[in-house]
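In case you want the letters, here they are:
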Amino acid sequence: MPDSRHEGPPETATVFVVDDDETVRRALARLVRSAGMTARTFSTAEAFLAEDRPVPASCLVLDVRLPGLNGLQLQEALNRKGFPISIIFITGHGDVPTSVRAMKAGAVDFLQKPFEGHELLNAIRRAVGRTRDAAARQAECAEIRRRYDTLTPREREVFSLVASGLLNKQVAGELGAAEKTIKIHRGRVMAKMQAPSLADLVNVDKSAIPSSEASAMQGAENAFVTGAVGMYMGYSWSIANLKA
């Protein structure tokens, strides 16, 4: 059974504490509650993974050494799942390689026991802010992907080329279609992607789009830039010849 209980009013943030020492869990829960946040405590990483967790305003205070999955392994598991929760490591047995590994994997802080309460609370506030930002970013990407999934294959082709900077005439040439047809497709793309202007369409976050199709868009953009540079160089050469 997980040692899980709610502490404090259900407002602002939820702080998850995973530590195999019951005394530490209780002390940290009291500290979190004193700051007006909610605390949920677990004695193992497995117990934490088995629980449903709110995302938007939360963080994880995690001991490095745990029975079963250790803290670093739990961090790796959460990263693989793409779960946007910020982690603060606490340990009585810290070393430089462990702390470097944790921070490189995205930890907000790495605190050596014993630590001051205000140190942890400051780290928690930073971590909750980062989790909120990550959750908002994830939701935004999911919404962009949802809109993108409504496009027809032809509309995706048009979107890819328009978003890479090509004009309607150029897109028509690339796809072997009439410019009037491309204008119609572009209008539908903008409506489905909820882009009020062409600039908004061009600035759609490409990282939310499937990687293979995003790569194709990048290729189209690179080709467009290369072509533009080539045209400019040709124009410059012609001007130089005229002057000569």
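Residues numbered from 1 in each chain as written. Predicted model: local features only at pLDDT ≥ 70, side-chain atom pairs only at ≥ 80, totals over all residues. Heavy atoms only, no water.

*Asks:* Before we go on, may I ask you to explain the pattern of salt bridges in this structure?
*Replies:* Side-chain pairing between opposite charges can occur once the charged atoms of the two side chains come close. Taken as a whole and assessed by the stated rule, the structure comprises 13 salt bridges. Among the ionic pairs, E22 bridges to R26, the shortest N-O distance being 2.6 Å. Of the two residues, E22 and R26 both sit in helix 1 (residues 22-34), four residues apart, roughly one turn of that helix. On the basis of relative accessible area, E22 is assigned to the partly exposed category, the value being 39%. One salt bridge in this structure joins R126 and D109, with 2.8 Å as the shortest N-O distance. Of this pair, R126 sits in helix 5 (residues 117-149) while D109 sits in strand 5 (residues 109-112), placing them 17 residues apart in sequence. Beyond isolated ion pairs, a larger network of salt bridges with shared partners links D19, D63 and K113. (Salt bridge = Lys/Arg side-chain N within 4 Å of Asp/Glu carboxyl O. Helix = DSSP H or I, 4+ residues; strand = E, 2+ residues; numbered from the N terminus. Buried < 20%, exposed > 50% of the residue type's maximum accessible area, 1.4 Å probe, protein only.)

*Asks:* When you look at the nonpolar core in this model, what are you seeing that I'm missing?
*Replies:* General note: in soluble globular proteins, nonpolar side chains tend to be found buried as a group. Residues F159, V171, M193 and L201 are the most contacted members of the largest nonpolar core, which totals 22 residues. Elements represented by at least two residues in this core include exactly helix 5, helix 6 (153-163), helix 7 (168-175) and helix 8 (179-192). For this core, the leading source of residues is helix 6, giving five residues. Counting residues in each nonpolar core, the second largest holds 21 residues, with A29, A39, C59 and A123 among its members. (Core = buried A, V, L, I, M, F, W, Y, C linked by side-chain atoms within 4.5 Å.)

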